[in-house]
Amino acid sequence: MKSVKAKKELSPAQIKVLLGTLKARFEKNMNRHKGLDWTKAQATLEANPEKLWSLGEMERTGGEPDVVGQDKETGEYILFDCAAESPKGRTSLCYDREALDSRKEHKPKDSASDMAAAMGIELLTEEQYQELQKLGEFDTKSSSWLNTPPAMRKLGGALFGDRRFGRVFFYHNGAESYYGGRGFRGSLRV
């Protein structure tokens, strides 16, 4: 039997709505992307339908993606989830597949790394999370799984971050743990 791969593209109507949402967010939050032009960013997005699909998934799950920079070498636009709190449609997840498989009971619905991969995005790194936090105050009531260094993951742990008491904190947890107030934030390069 032939495997049917899900089509990862949006309809013209969905693209129009998504681009309108992204444009409004871009214009409302100019501090996130000083010196960047929406018209050029939009043209790049429109030329990459699969990346638009990933942005649609970021939006659908509550991430509120926004342009946060442009790679000077490649010209790619960099987008992060900029929702005030960890995206609601991505909470109660353990860190990765290995952690999910290790749980004998009370398994979460998915893992952060599997969900990010299915969406075509990457979990934010510690450095990216710090950059995000320079653009505003994020995760003041929630926390977000972060891309965990292999050495930490090999020992069974996983990294997450949040903002409390006016500071950004990084912590560790067992990768198999999950909480209603912890999700993950993603990044996408287009």
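Above this text sits the structure in question.
Below is a short write-up of the structure. (Residues numbered from 1 in each chain as written. Predicted model: local features only at pLDDT ≥ 70, side-chain atom pairs only at ≥ 80, totals over all residues. Heavy atoms only, no water.)

## Let's talk about unusual backbone geometry
Located in the positive-phi region is S92, a residue other than glycine, with phi close to 60°. Here S92 is to be found in the loop between β2 (77-81) and α4 (97-102). Judged by relative accessible area, which is 24%, S92 ranks as partly exposed. Unusually for a residue other than glycine, H106 sits at a positive phi of about 55°. Looking at the element boundaries, H106 is found in the loop between α4 and α5 (112-119). Residue classification places H106 among the exposed residues on the basis of a relative accessible area of 58%. (Helix = DSSP H or I, 4+ residues; strand = E, 2+ residues; numbered from the N terminus. Buried < 20%, exposed > 50% of the residue type's maximum accessible area, 1.4 Å probe, protein only.)

## With respect to the pattern of salt bridges
By the definition in use, this model includes 13 salt bridges. Two residues, R32 and D66, come together in a salt bridge whose shortest N-O distance is 2.9 Å. Of this pair, R32 sits in the loop between α1 (12-28) and α2 (38-46) while D66 sits in strand β1 (residues 65-70); the two residues are 34 residues apart in sequence, bridging distant segments of the chain. R185 serves as the salt-bridge partner of D139, at 3.0 Å between the closest nitrogen and oxygen. (Salt bridge = Lys/Arg side-chain N within 4 Å of Asp/Glu carboxyl O.)

## Topic: the environment of S187
Counting through the fold element by element, S187 comes out in strand β8 (residues 186-189). Considering only alpha carbons, one finds S187 and R167, 20 residues apart in sequence, at a separation of 22 Å. Those residues in contact with S187 that lie beyond four places of it in its chain are L79, F80, I121, E122, L124 and Q128. (Contact = heavy atoms within 4.5 Å.)

## Brief notes about the sheet that holds strand β6 (residues 167-174)
With respect to topology, 4 strands assemble into an open sheet ordered β6-β5-β4-β7, the strand pairing being mixed. The open sheet is flanked by β6 and β7 (182-184), the only strands paired with a single partner. Across the sheet, the mean angle from the axis of one strand to that of its neighbour is 35°, orientation sign disregarded. Here 3 bridges tie strand β4 (residues 143-146) to β7, and the two strands are oriented parallel to one another. (Pairing = 2+ DSSP bridges. Axes fitted to C-alpha atoms, helices over the stretch in contact; angles between N-to-C directions.)

## Remarks on the packing of aromatic side chains
Under the counting rule described, the total for this entry stands at 6 aromatic pairs. Between the aromatic rings of Y129 and F170, the centroid separation amounts to 5.9 Å while the plane-to-plane angle is 65°, which identifies the pairing as edge-to-face. Of this pair, Y129 sits in helix α6 (residues 126-133) while F170 sits in strand β6, and the two are 41 residues apart along the sequence. Judged by its relative accessible area of 27%, F170 falls in the partly exposed class. Here a set of aromatic residues connected by ring pairs shows up, and it is made of Y95, W145, F160, F169 and Y171. (Phe/Tyr/Trp six-rings, centres within 6.5 Å; stacked < 30°, edge-to-face > 60°.)

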